[in-house]
Amino acid sequence: MVVKRHLAAATAVLVALGAGYGVATAQEAAQSPVQTPPSATNPQQPVPGTAPSVQTPPAPAVSSAAEGPVISGATAPAVETIPGMPPVINPNNLYSETGAGHIAPQIAQDPARVYVPNLRSNDVYVIDPATSKVVDRFPVGQSPQHVVPSWDLRTLWVTNNAEGKTSGSLTPIDAHTGKPGPNVPVDDPYNMYFTPDGKSAIVVAEARKRLDFRDPHTMELQQSVETPDCKGVNHADFSIDGRYAIFTCEFGGHLVKVDTVNKKVLGYLKLSSGGMPQDILISPNGKTFYIADMMADGVFLVDGDSFREIGFIPTGIGTHGLYPSRDGTKMYVANRGSHKIHGKPHSKAGGVTVIDFATNKIVANWPIPGGGSPDMGNVSADGKTLWLSGRFDDVVYQINTEDGSMQKIRVGAEPHGLTVWPQPGRYSIGHTGILR
């Protein structure tokens, strides 16, 4: 089925929901700040391939950028965005419009739900966050990986990549009813993003080393961008002005920078250690990209514009998912507790690390009681709950963001990229709900 959307819905998300607001400073750090990663003698190594690497001087051991982004205080200059992209309301905090209470009018009546794709049971479980109970479940395509909100916030797409087969598909869920529609055949949709101007969906064809730019409603192919030196391309985030995106290359230890306007590869960056980058998240002021690395057991810091590595924060074994708090002051880091793609349940190393954006220091650690495997998810609309899938434990973790206390909810086989809905924000750039 071709999913159609009205122009009015797309237009409505262009309306800013209010001016940005100030961000409070986090508490004093309890652990050491950003460190230079091991073996950082040559943090940027050009990779042979079709596109030249971005040429920049080697990163110093500790740079000023590693001291943490400024998200309050002096007024930042206005951001000149790409045509069609909604304006950046607060240049010091690009998450200003995703704060609690900033629900877009067109989704305000959508039922509050947590949608959980289960990779091995080929279904989606639906949790009512008010009761912490599973209230629905339905089959989808083969190997569902993530539930991705569309740019216009009206459709939740389940990315069924079929894991190496050619029978990949996208399952549309009507965000207003919570019910799925017929699958749309799409080649290898491991993950999906949307260009900040809303003109294209970017289907991340991981096994093909390719990014497929598609119509955001019909999913008809517009253009493909090959990423030959990005083995295991999977997660991404966009620059504050929307001009480029940085994707992680899980199985090669690289990052790839992509021009989102001209749709071409700008270059590759080899991380100095580790070698298994996962999720990626931009800082509130748009200057730093944080990269979770499952083998390095921590978060790399990369200057997005110059495309160079500038620091590293050790967090825990199997660092995997990254999510901003609703007030834009903290980042929640999910440590899966294992270096393996298919790990064992009840890992004692599984837990969540909380990092203060302003200082890049760790302010809390929340281990999973009894062990676990926190993976992907998002934060509730009010910011009070962090929802994460327990990848190897067949559960979902409902975590209190005040004190780290949590409960577990049993779901299907191998839950992965769950999303929380509705979420505050004007538009979505994909994944499990990166809203702006």
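This one's a predicted model, so the numbers in the text were calculated from it and none came from an experiment.

Definitions and limits used
Residues numbered from 1 in each chain as written. Predicted model: local features only at pLDDT ≥ 70, side-chain atom pairs only at ≥ 80, totals over all residues. Heavy atoms only, no water. Helix = DSSP H or I, 4+ residues; strand = E, 2+ residues; numbered from the N terminus. Buried < 20%, exposed > 50% of the residue type's maximum accessible area, 1.4 Å probe, protein only. Contact = heavy atoms within 4.5 Å. Areas by Shrake-Rupley, 256 points an atom, 1.4 Å probe, with all protein chains shown as cover. Salt bridge = Lys/Arg side-chain N within 4 Å of Asp/Glu carboxyl O. Pairing = 2+ DSSP bridges. Axes fitted to C-alpha atoms, helices over the stretch in contact; angles between N-to-C directions. Polar contact = N/O pair within 3.5 Å; in protein donor to acceptor, adjacent residues only side chain to side chain. Phe/Tyr/Trp six-rings, centres within 6.5 Å; stacked < 30°, edge-to-face > 60°. Lys NZ or Arg CZ within 6 Å of the ring centre and 35° of its normal. pLDDT = per-residue confidence, 0-100.

Regarding its fold elements, the protein presents 1 helix and 29 strands. Of all 436 residues assigned to the protein, the portion counted as buried reaches 62%. Taking the intrachain contacts of the protein between residues at least 6 apart in sequence as the baseline, contacts between residues at least 24 apart amount to 54%. Just so you have it, the protein exposes about 15,300 Å², and 54% of that area is on carbon and sulfur atoms.

Moving on to the pattern of salt bridges. Taken as a whole, this structure holds 15 salt bridges when the rule is applied. One connected set of salt bridges, linked through shared partners, spans Arg 120, Glu 163, Arg 336, Asp 375, Arg 391 and Glu 414.

Looking now at the sheet that holds strand β20 (residues 308-314). Each strand in a sheet pairs with its neighbour through backbone hydrogen bonds, running either in the same direction (parallel) or in the opposite one (antiparallel). Taken together, 4 strands build an open sheet; the order of strands is β17-β18-β19-β20 and the sheet is antiparallel. Here the strands that pair on one side only, and so sit at the sheet edges, are β17 (277-282) and β20. Between one strand axis and the next, the sheet turns by 25° as a mean value, whatever way the strands run.

A separate point is the side chain of Thr 319. Locating Thr 319 in the fold gives a position in strand β21 (residues 319-324). Looking at Thr 319, its side chain comes within polar contact range of the main-chain oxygen of Gly 316, at 2.9 Å. If sequence neighbours within four positions are ignored, Thr 319 has contacts with Gln 278, Ala 292, Asp 293, Met 294, Asp 297, Gly 298, Val 299, Val 333, Ala 334 and Asn 335.

One open sheet holds the 4 strands; their spatial order is β9-β10-β11-β12, and the pairing between them is antiparallel. What marks the edges here is a single partner per strand, and that holds for β9 (191-194) and β12 (221-226). Strand-to-strand twist across the sheet, computed as the mean angle between neighbouring axes with direction ignored, equals 25°. As paired strands, β9 and strand β10 (residues 201-205) are joined by 4 bridges and run antiparallel to one another. Across the sheet, Phe 194 pairs through a bridge with Ala 201, a residue of β10.

With that out of the way, let us pick up the packing of aromatic side chains. Applying the stated criterion to the full structure yields 7 aromatic pairs. With 6.0 Å between their ring centres and 80° between their planes, Tyr 193 and Phe 247 make a pair best called edge-to-face. Of the two residues, Tyr 193 is situated in strand β9 and Phe 247 in strand β14 (residues 244-249); the sequence distance between them amounts to 54 residues. A single burial state applies to Tyr 193 and to Phe 247, both of which are buried. Judged by centre distance (6.1 Å) and plane angle (40°), the rings of Tyr 244 and Phe 289 are tilted. A residue pair is termed long-range when its members are at least 10 positions apart, and Tyr 244 in strand β14 and Phe 289 in strand β18 (residues 288-293) qualify at 45 residues. For Tyr 244, a relative accessible area of 7% gives the class buried. With a relative accessible area of 0%, Phe 289 lands in the buried category. Put simply, the rings of Tyr 193, Phe 238 and Phe 247 touch in pairs and so form one group of aromatic residues. Note that Lys 257 overlies the ring of Tyr 244, its terminal NZ or CZ placed 4.2 Å from the centroid.

Let us look at the environment of Thr 385. As for its position among the elements, Thr 385 is in strand β26 (residues 385-390). The sequence separation of Thr 385 and Thr 401 amounts to 16 residues, and the corresponding C-alpha distance is 5.4 Å. What Thr 385 contacts, discounting residues up to four positions off in sequence, is Asn 378, Val 379, Ser 380, Gln 398, Ile 399 and Thr 401.

Okay, the environment of Pro 324 next. In this fold, Pro 324 is placed in strand β21. Residues in contact with Pro 324, not counting those within four places in the same chain, are Tyr 95, Leu 281, Lys 330, Met 331, Tyr 332, Phe 357 and Val 379.

This brings us to the side chain of Ser 132. Here Ser 132 is to be found in the loop between β2 (123-128) and β3 (133-139). Take Ser 132: its relative accessible area is 14%, and that puts it in the buried class. At 3.4 Å, the side chain of Ser 132 forms a polar contact with the side chain of Gln 407.

Put simply, the protein has an average pLDDT of 86, and 83% of its residues get 70 or more. Confidence drops under a pLDDT of 50 for residues 1-33, and excluding neighbours within four residues, the segment shows 74 contacts in the predicted structure. Below pLDDT 50 for its whole length, residues 36-73 participates in 87 contacts with residues either more than four positions away or in separate chains.

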